[in-house]
Structures are given as structure tokens and as C-alpha cells.
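Architecture at a glance
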Amino acid sequence: MTAIPPDLPMRALFDAQFQASRAQIDVPLAVRRDRLRRIRALIDVHGPALAEAVQADFGVRSTRLTEVADFFVLRSLIGDLERHTGAWMKSRRVHTPIYLQPASAHIQRQPLGVVGVIGPWNYPLQLTLGPTATALAAGNRVMLKPSELTPRTSGLLATLLHQSFAADEVCVVQGGADVAHDFACLPFDHLFFTGSTAVGRKVAAAAAANLTPTTLELGGKSPCIVDASADLDAVAIKIAHGKLLNAGQTCIAPDYLLLPQGREADFERAFVAAVARLFPGGAAHPDYASIVTERHHARLAGLVEDARSHGARVVEVAPRGGSGHARQMTPVLVFGLRSDASLMREEIFGPVLPVLTYTALDEAMDIINAGPRPLALYWFGTDTASRDRVLTGTVSGGVTVNDTLMHIAHERLPFGGVGESGWGAYHGETGFLRFTQQKPVLVQSRWAAAGLFYPPYGAAFDRVMGLLRRWL
């Protein structure tokens, strides 16, 4: 068989994968496991070089941060896939209702075919290789479009994947927004996108022309509720970690805080102490990431200045001083923010935390429910009745109670959004099934009585239907 070069035009690469997927519809477990092992080997062997590429793309992005935020999550996901793919790919027997017996029925799980993955820049390894590995476990071929905002990482990832896989198994397409648009217009069997809501709309529109099903992992305004029962000193470190990991460039980072009125000074003190503990010496600390580009940095600075100009109180936490990288943005708390401020209308995606106050829990829930449904929600406290009111009275993509971010690390929990924060979910069996056709199969028996339902209808038909009405 002639090898397919990975530098073919994008449409030719798709056609090669399409033909290969149709030539091998039944993908054996051994092939799936081998593909997963190649992804794991890529991480294990080339992890240091990939982490250095991420560091170079960001300016400051600690290789240890990449180890925990990208590689740790990937190894957990791949390990779960390796352990369970054999069971997940098996057909499932389904009970047959009495009026169809003695027929039998089952659901056959098959690969979709060719899956497109459009990855983001903020976690350029986890959020590209994670969906890729899941699609491979489900028996698919994968075309990957990584972000142009992390060119060194994307370039190295392309080289390594092309060394590890034939182009009709996995291939990488690189380029900017125009390439991403053309990529989304390909007639994939499924298209998986992680990124902003604004771009997600464009991806969904492009895919719709081919009736391509999509998974959209987006973002939004993820709230963090501090209950009156919470110990501020205990929760501030967890909120600071969730907000400042990767300098806030995390889709499930707490976007704004809802705090009981009158506790602003206590929270400010606790948050400042927490940041000092996480990043000794301030924002120039090597574990504190820089903002990915100057354009993104300027946007964040503009949001803060807009809030300040409209009367908000801006507190700079652990200023960067004269050292460090120019894009290591000082963490900021913003108090007294107007509801129509830009910080409350736009997803922040940076180390800026607006603090809103509430007098009753219903008021906090009303603020959340007035906006688009968020990708994540966080609640802190010890009052289980208040916790349960929030869980039953709000809708979000996922929730972590008394911590931030950690629900994404649980492989058995589906991860995804709702409404404007996305649709579809992955991780674990949920992700496997996202990339799987669950084909219903009914096997008719030679003793079937289906003829009773055939025309011409008469007295016998009426008796059968009368009997069924009593049973159903």
C-alpha cells in the first residue's frame, strides 16, 4: 500500500482518510490500543521538548505547569481509554418488548469514520491530543487543526504525529483563521472544536452546510459562589489557584465571584495572602504564566481600565515589579462593578476577578440565571442546604463543590457545556460514545407474528390491538 504524504492539500488528506475509514469499518481492539500507545509514547518520549515549545510560545509558561495541566490530564485520559475501550466497543443487548418477540435486538457500536479536531492555544497539548486519543479509541481517523497562536507547539506536534502515524490515520493541518474555516467546511463524520463562543458559532455554521455533527467546547462566564458558611481563609487559596492557573487562560476558570455583602475586605485580605503563597515574589514568578500575545494582554488591560473609569475599585495583587516577562499580567480584583461593565459582559480569560456581592442566596442565583448558562460553576461553604439549592436552581456544564477546576480531572464525569458554553461532552465512556455510531439492530425471528400488523385490517387486527392496549 502506498504511503500518503502528510503535506498533501487538505482536501486530499481528508479524501485519503475517508477512503481508509470506509475500507476498514470494523477497527479491531488491537489497532485501537496500538494507536493509543503511540499517543502515550509521543508524550513520554517528547514531553520535555513539547513543554519547551509551549514555554516558547507563551513567553512564560512553566514546563511544570504543562506537566500537570497538559500531560497529567492526558495520561489519565489515555490510561482510562486503554483500560476500557475493549468493553466500551462491544455490542449491547437490548430487551425486546413483548409485541416484537421472539425477535432479538442489540446496539452495535461502530466508528463514525473521519473526525476533525480544532484545538485551542491555551492548553495546546491536552485539548488537542485528548479529543484525538478519544476519537482513535473509538476507531476513527483524525485530522487535527492546532492553533496558529502557538506555532512552535503546533509545528512540533505536527512533526511528531506525522512520524508516529500514517497520514490516513492521523494528520495535522496548520494555518490561520482562513485554514480553520476551510477545515470546518470539510464533510467530516464529526467535528470537535474547543475555543471561544464567537468562533464556535462560525464553526457550527460551517459544519451545518454538510450536516456534520459537532461537539463545541466553549467558555463563558463561570461563576464562583462563596456561601455565608464558608471560611474565607480556606477557600481563597482554591479560588486563587483556579483563577490564576495559566494566568486565567482557562475555559473553566472562575470568571466572577459572588460574595456575601460585607465580607469584601476579608476576602481581599485572604486572596492577597493566597496569591503570595502560590507565587512568592509576585507576578514575575516563573510558575505564573504570561498572557499568550500582546493583543490578548492589551484587551485585558482595556477591560480593567474600562471598569476603573466607571468607578470600580481595582486592586492589583502581587504586582510584577521591574522583573519578569512584560506579559505576566498582575492579578487584579475588581470591586463595585456595574452590571453593564465590559468585564461582566465578556468572558475574561485572564487574571482579573470581578467580585460581586449579594445579600441573599436567591439574589446570587438570579444573577447567574439571568445570563447564558456557564461552562462551570463553583460553590464554597459547609451549608449543604444552600449547596443543594444552588445545584438544583442553576444549570451549568459542570460543577465543583469546595474547589475549582477539579471536575475536569475526573475521567468518569462527562465534560462539556450547555447552551452558549457549548454542546456535547467527552471524557471516559461519554467521549467514546461521542465519536461512535450506536447502530440499532433488530433480528427478526422465523416465528415472528408481525403479519398480524399487515393490511388488510379486520376483526383479527382489532382483537390484537385490543389485547395490546391492555398490556401497554
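Refer to the structure printed above.
On to the overall build of the protein chain. Broken down by element type, the protein chain carries 15 helices and 18 strands. Relative to the compact-globule value of 23 Å for 472 residues, the protein chain shows a C-alpha radius of gyration of 26 Å, a close match. Summarising its shape, the C-alpha atoms of the protein chain cover approximately 85 × 60 × 35 Å along the three principal directions. The buried share of the protein chain, reckoned over its 472 residues, is 52%. Excluding contacts between residues fewer than 6 apart, the proportion of contacts in the protein chain whose partners are at least 24 apart in sequence is 73%. Carbon and sulfur atoms form 56% of the exposed surface of the protein chain, whose accessible area is close to 20,300 Å². Put simply, the protein chain has 45 plus and 43 minus side-chain charges, and the middle of one group is 8 Å from the middle of the other.

For the rest of this paragraph, the subject is the packing of helix α12 (residues 361-370) against helix α13 (residues 384-393). With their axes 11 Å apart at the nearest point, α12 and α13 run at an angle of 25° to one another. One way to sum up the angle between α12 and α13 is to call them roughly parallel. Both α12 and α13 take part in a crossing whose hand is right-handed. Together, Leu361, Asp362, Met365 and Asn369 of α12 and Ser386, Arg389, Val390 and Gly393 of α13 make up the contact between the two elements.

Overall, mixed pairing links the 6 strands, which are arranged β5-β4-β3-β6-β7-β16 in an open sheet. Every interior strand has two partners, whereas the edge strands, β5 (170-172) and β16 (422-423), have only one. Along the sheet face, helix α1 (residues 10-23) touches β3 (114-118), β4 (141-145) and β5 and points at about 160° away from the line of β4. In this fold helix α4 (residues 126-137) packs onto β3, β4, β5 and β6 (190-194), with an angle of close to 165° to the strand it touches most, β4.

Looking at the element boundaries, Thr400 is found in strand β14 (residues 398-401). Residue classification places Thr400 among the buried residues on the basis of a relative accessible area of 7%. Within the structure, Thr400 has its side chain in polar contact with the side chain of His407 (distance 2.7 Å). Excluding residues within four positions of it along the chain, Thr400 makes contact with Leu377, Tyr378, Trp379, Leu405, Met406 and His407.

Our focus in this paragraph is the packing of helix α2 (residues 29-58) against helix α3 (residues 63-88). Geometry of a packed helix pair, given as the angle between the helix axes and the separation of the axes. It is at 10 Å that the axes of α2 and α3 come closest, and there the two elements cross at 175°. In terms of axis orientation, α2 runs roughly antiparallel to α3. Residue composition of the contact of α2 with α3, by class: 11 nonpolar, 6 polar and 8 charged.

The terminal C-alpha atoms of α4 lie 16 Å apart, and with 12 residues this matches the ideal 16 Å at 1.5 Å per residue to within 8%. In terms of burial, α4 is largely enclosed, as 12 of its 12 residues are buried. Phi for Gly139, located one or two positions after α4, is positive at around 95°.

A few words on the pattern of salt bridges. Taken as a whole and judged by the stated rule, the model has 25 salt bridges. Asp189 is the salt-bridge partner of Arg22, the closest N and O atoms lying 2.9 Å from each other. One end of the pair, Arg22, is in helix α1; the other, Asp189, is in the loop between α6 (177-184) and β6, and 167 residues separate them in sequence. Taking relative accessible area as the criterion, Arg22 reaches 35% and is therefore assigned partly exposed. Judged by its relative accessible area of 18%, Asp189 is buried. Here Asp80 and Arg412 are joined by a salt bridge, their closest N and O atoms 3.4 Å apart. Remark: Arg412 occurs in the loop between β14 and β15 (415-416) and Asp80 occurs in helix α3; sequence separation between them is 332 residues. Taking relative accessible area as the criterion, Arg412 reaches 52% and is therefore assigned exposed. One network of salt bridges, in which partners are shared, links Asp34, Arg35, Arg38 and Glu169.

Definitions and limits used
Per chain, residue numbering runs from 1 following the sequence as it is written. The predicted origin of the model limits local features to residues at a pLDDT of at least 70 and limits the giving and counting of side-chain atom pairs to 80 or more, whereas totals for whole chains, interfaces and linings rest on all residues. The basis for every side-chain value is the complete set of non-hydrogen atoms in the structure, without hydrogens or water. Working definition: helices are DSSP H or I runs of at least four residues, strands are E runs of at least two. Numbering for both runs from the N terminus. Each radius of gyration is computed over the set of C-alpha atoms, and the globule rule expresses the reference value as 2.2 Å times the number of residues to the power 0.38. Throughout, exposure labels follow a simple rule: accessible area from a 1.4 Å probe, protein chains only, divided by the maximum for the residue type, with under 20% read as buried, over 50% as exposed, and the rest as partly exposed. Contacts between residues were defined by any pair of non-hydrogen atoms, one from each residue, lying within 4.5 Å. Here the open area of atoms and residues is found with the Shrake-Rupley method and a 1.4 Å probe, where only the protein chains shown may cover a residue. Charge assignment in this entry is limited to Lys and Arg as positive and Asp and Glu as negative, and neither His nor the chain termini are counted. A charge is said to be at NZ when it belongs to Lys, at CZ for Arg, at CG for Asp and at CD for Glu. Only C-alpha atoms enter the line fits that serve as axes; for helices the fit covers just the stretch in contact. Angles between N-to-C directions range over 0 to 180 degrees. Roughly parallel covers angles under 35 degrees, roughly antiparallel covers those over 145, roughly perpendicular covers 65 to 115, and oblique covers all other angles. Helix crossings fall into two classes, left-handed where the near helix is turned counterclockwise from the far one by less than a right angle and right-handed where it is turned clockwise. Strands are labelled as partners when DSSP assigns at least two bridges between them. Any N or O atom pair separated by 3.5 Å or less is treated as a polar contact, with the protein-specific requirement of one donor-capable and one acceptor-capable atom, and with residues adjacent in sequence counted only for side-chain atom pairs. Think of it as three bins: nonpolar holds Ala, Val, Leu, Ile, Met, Phe, Trp, Tyr, Cys and Pro, charged holds Asp, Glu, Lys and Arg, and polar takes everything else, Gly as well. One less than the residue count of a helix, multiplied by 1.5 Å, gives the span that helix is expected to have. Here, a salt bridge means any side-chain nitrogen of Lys or Arg that lies within 4 Å of a carboxyl oxygen of Asp or Glu.

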